[in-house]
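A structural walkthrough
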Amino acid sequence: LRAYLTGSLQKEWNADKVSRVAFSRAASPERGRYYRQDIELRSVRVIRSRTGPMSYSQTISVDKVGGRHYCALVRLDPDCPATARKP
């Protein structure tokens, strides 16, 4: 869990795909406390064209299960705009 929530490790392990990762903590009455991950991906070659840079945000909710185990739920954040898909 710690490795997933560390931006520098995300950039190191996915250096060919990720250009920037930022984490923050947030809270809301509906969701409770959660982490927010903002990601910018590099342009990628797809068949004969390139995707262009893409960005999106996701929320990460963490629950402690038992003494030393955790469960993480990762979802796209509907409150943050993502890069629009090309037609």
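Residues numbered from 1 in each chain as written. Predicted model: local features only at pLDDT ≥ 70, side-chain atom pairs only at ≥ 80, totals over all residues. Heavy atoms only, no water.

Taken in spatial order, the 4 strands of this open sheet run S1-S2-S5-S6, and their pairing is antiparallel. Each edge of the open sheet is held by one strand with a lone partner, namely strand S1 (18-28) and strand S6 (69-76). Averaged over all pairs of adjacent strands, the angle between strand axes in this sheet comes to 25°, irrespective of strand direction. In this sheet, S6 lies alongside strand S5 (residues 54-65) in antiparallel orientation, the contact comprising 8 bridges. Each bridged residue has a counterpart across the sheet, and for Lys64 the counterpart in S6 is Tyr70. (Pairing = 2+ DSSP bridges. Helix = DSSP H or I, 4+ residues; strand = E, 2+ residues; numbered from the N terminus. Axes fitted to C-alpha atoms, helices over the stretch in contact; angles between N-to-C directions.)

Turning to the pairing of strand S2 (residues 32-41), a few remarks are in order. Along any regular strand, the residues point their side chains to alternate faces of the sheet. In terms of strand pairing, S1 meets S2 through 10 bridges, oriented antiparallel. Looking across to S2, one finds that Val18 is bridged to Leu41. Linking S1 to S2, which pair antiparallel, is a turn of 3 residues. One ladder, built from 7 bridges, connects S2 with S5; its direction is antiparallel. Bridged to Leu41 within S5 is Met54.

Quick look at the pattern of salt bridges now. Across all of its chains, the model carries 3 salt bridges by this definition. For Lys17, the salt bridge identified is with Asp16, shortest N-O distance 3.5 Å. The partner of Glu40 in a salt bridge is Arg20, and the shortest N-O contact between them spans 3.3 Å. Taken together, the residues span a long stretch of sequence, with Glu40 in strand S2 and Arg20 in strand S1 at a distance of 20 residues. With a relative accessible area of 36%, Arg20 lands in the partly exposed category. (Salt bridge = Lys/Arg side-chain N within 4 Å of Asp/Glu carboxyl O. Buried < 20%, exposed > 50% of the residue type's maximum accessible area, 1.4 Å probe, protein only.)

Moving on: the side chain of Asp77. Considering the arrangement of structural elements, one finds Asp77 in the segment after S6. Non-local contacts of Asp77, meaning those with residues more than four positions away in its chain, are made with Arg31, Arg36, Ser57, Gln58 and Thr59. (Contact = heavy atoms within 4.5 Å.)

Now for the confidence of the model for the protein chain. Put simply, the protein chain has an average pLDDT of 77, and 85% of its residues get 70 or more. Looking at the elements of the protein chain, mean pLDDT is at its lowest for strand S4 (residues 49-50), recorded as 68, and at its highest for S2, recorded as 84. (pLDDT = per-residue confidence, 0-100.)

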